[in-house]
Amino acid sequence: MGTRRDRLAVFLPYSTDRIGRKPAMDGYAVLAAVTSAMLFLFPQSGVTLVVYVVIGGIFLTLTSLFISIIPVESVPPTVMATAGALIHGHR
């Protein structure tokens, strides 16, 4: 799970640069919802385990995207450091 998440952490920002932030975020949110739904609806299924292993790291990868990339890119360059610090809770 760790190496897959690391690969997703590199691939997700790359894909958002290629297809745009909004379509990528929508697609990744759907994948994250599928993972949750599968675990909730079919907890004892082998297919659920495969789905979780294949796309389960989306949750962790989305967190890094929401915390670091989107806040910094949505403000002027003069306050990028402030936006990054505020989202992490630094004063």
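One can find the structure itself at the top, above this paragraph.
Residues numbered from 1 in each chain as written. Predicted model: local features only at pLDDT ≥ 70, side-chain atom pairs only at ≥ 80, totals over all residues. Heavy atoms only, no water.

Chemist: Give me the packing of aromatic side chains: which residues, what numbers.
Modeler: Here the structure, examined in full by the defined rule, presents 1 aromatic pair. Both rings, one in F11 and one in Y14, keep their centres 6.5 Å apart while their planes meet at 45°; by these two values the pair is tilted. Of this pair, F11 and Y14 both sit in helix α1 (residues 2-19), 3 residues apart, which is roughly one turn of that helix. On the accessibility criterion, Y14 (47% relative accessible area) is partly exposed. (Phe/Tyr/Trp six-rings, centres within 6.5 Å; stacked < 30°, edge-to-face > 60°. Helix = DSSP H or I, 4+ residues; strand = E, 2+ residues; numbered from the N terminus. Buried < 20%, exposed > 50% of the residue type's maximum accessible area, 1.4 Å probe, protein only.)

Chemist: For the side chain of T48, give the residues involved together with the corresponding values.
Modeler: Tracing the sequence through the fold places T48 in helix α3 (residues 46-55). Excluding residues within four positions of it along the chain, T48 makes contact with M38, L39 and F42. (Contact = heavy atoms within 4.5 Å.)

Chemist: I'd love a proper account of the environment of A33, names of residues and values included.
Modeler: As for its position among the elements, A33 is in helix α2 (residues 21-41). Counting along the chain gives 25 residues from A33 to I58, while the straight-line C-alpha distance between them is 9.7 Å.

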